[in-house]
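Structural overview for review
These are the residues of each chain, in order.
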Amino acid sequence: SIGIELVSRVMLDVPDNYSRWRIWWERSKELDKASQLIAYLSKVEGIPLVYSDATVPGVTTHWQVTKTYGVTGGHVDCWPRHLGGYFPALRVTRQAQAYYDRWYA
């Protein structure tokens, strides 16, 4: 696995998932750079550009790994919006696919 850390205090500073999602959504530069890095890593490492539940190769989050494997004391940040949370994981994954298509397809 390859970890990319997106550092923020969004989860700590904002009390509800909708507001957290809005803040993350507006962090376009950070999400865009992460997407570019993921597209590159997909090319050189063969990582599929799909959201993963952490049981198969793909793009996932701390939250998903903790939930999938029941990690005691694990991370709960970057809870994906499409799974009831706030982090725009599908946006990042789709952006990465768009970069991959533009650069390598």
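Please refer to the structure higher up on the page.
Below: a short report on this structure.

Now for the overall build of the protein. Assigned secondary structure in the protein consists of 5 helices and 0 strands. For the protein, the succession of helices and strands along the chain, N to C, is α-α-α-α-α. In terms of overall size, the protein behaves like a compact globule, its C-alpha atoms giving a radius of gyration of 14 Å where 105 residues would be expected to give roughly 13 Å. On the principal axes, the C-alpha backbone points of the protein span a range of 40 × 30 × 20 Å. Among the 105 residues that make up the protein, the fraction classed as buried is 35%.

Quick look at helix α4 (residues 62–69) now. Restricting attention to buried positions, one finds in α4 the residues Trp63, Gln64 and Thr66. The buried side chains of α4 occupy one side of the element, clustering within an arc of 165° when seen end-on. Positive phi shows up at Gly70, right after α4, with a value of about 60°.

What follows concerns unusual backbone geometry. A positive phi angle, near 80°, is found at Ala54, a position not held by glycine. Looking at the secondary structure, you find Ala54 in the loop between α3 (28–45) and α4. Exposure remark for Ala54: the relative accessible area of 17% places this residue in the buried category. One non-glycine residue, Cys78, lies in the positive phi region at around 60°. Relative to the elements of secondary structure, Cys78 occurs in the loop between α4 and α5 (89–103). Given the relative accessible area of 12%, Cys78 is considered buried.

So, about the packing of helix α2 (residues 17–26) against α3. Look at α2 against α3: their axes get within 5 Å of each other, and the N-to-C directions meet at 70°. Classed by the angle they form, the pair α2 and α3 counts as roughly perpendicular. Packed against α2, whose contacting residues are Trp24, Trp25 and Glu26, the element α3 presents Ser28, Glu30 and Leu31 at the interface.

Our next topic: α2. One turn of an α-helix holds 3.6 residues; hence residues three or four places apart share an orientation. All of the buried residues along α2 are Asn17, Arg20, Trp21 and Trp24. Buried positions in α2, seen along its axis, are confined to an arc of 100° and lie on one side of it. Along its buried surface, α2 packs onto α1 (10–13), α3 and α5. The opening residue of α2 is Asp16, an N-cap whose side-chain oxygen sits 3.3 Å from the backbone nitrogen of Tyr18.

With respect to the element layout, Arg9 can be found in the segment before α1. For the pair formed by Arg9 and Lys33, sequence separation is 24 residues and the distance between their alpha carbons is 19 Å.

Before going further, it helps to examine the packing of aromatic side chains. In this structure the tally under the stated criterion is 7 aromatic pairs. For the pair Trp24 and Phe87, a centre-to-centre distance of 5.0 Å together with 85° between the ring planes defines the contact as edge-to-face. Of this pair, Trp24 sits in helix α2 while Phe87 is found in the loop between α4 and α5, placing the two residues 63 residues apart along the sequence. Neither residue differs from the other here; Trp24 and Phe87 are each classed as buried. Measuring from ring centre to ring centre gives 6.0 Å for Trp103 and Tyr104, while their planes differ by 85°; the resulting arrangement is edge-to-face. Judged by its relative accessible area of 39%, Trp103 falls in the partly exposed class. According to the relative accessible area criterion, Tyr104 is partly exposed, its value standing at 29%. Among the aromatic side chains, those forming a connected cluster through ring pairs are Tyr99, Tyr100, Trp103 and Tyr104. Above the face of the Tyr86 ring, Arg20 is positioned so that its terminal group lies 5.4 Å from the ring centre.

Rules used throughout
- Each chain carries its own residue numbering, running from 1 in the direction its sequence is written.
- Local features in this predicted model are restricted to residues of pLDDT 70 or higher, and side-chain atom pairs are both shown and tallied only at a pLDDT of 80 or more, whereas totals for entire chains, interfaces and linings draw on every residue.
- Side-chain measures here rest on the full set of heavy atoms in the structure, leaving out hydrogens and waters.
- Counting from the N terminus, the helices are DSSP H or I runs at least four residues long and the strands are E runs at least two residues long.
- Atoms counted for the radius of gyration: C-alpha only. Globule rule: 2.2 Å times the number of residues to the power 0.38.
- Three labels apply to residues, based on accessible area from a 1.4 Å probe with only protein chains included: buried if under 20% of the type maximum, exposed if over 50%, partly exposed otherwise in between.
- This arc corresponds to the set of directions leading from the helix axis out to the C-beta atoms.
- Every axis corresponds to a line fitted to the C-alpha atoms, with the helix fit spanning only the stretch in contact, and the corresponding angles, defined between N-to-C directions, vary from 0 to 180 degrees.
- Working rule for angles: under 35 degrees goes down as roughly parallel, over 145 as roughly antiparallel, 65 to 115 as roughly perpendicular, anything else as oblique.
- Should any heavy atoms of two residues lie within 4.5 Å, those residues are counted as being in contact.
- Residues adjacent in sequence count toward polar contacts only when both atoms are side-chain atoms; beyond that, a polar contact is any pair of N or O atoms within 3.5 Å, and within protein one must be able to donate a hydrogen and the other to accept it.
- Stacked, edge-to-face and tilted are the three classes for Phe, Tyr and Trp ring pairs, Trp counted by its six-membered ring, which pair at centre distances within 6.5 Å; planes under 30 degrees apart are stacked, over 60 edge-to-face, the rest tilted.
- A ring has a charge above it when a Lys NZ or an Arg CZ is no more than 6 Å from the ring centre and no more than 35 degrees off the ring normal.

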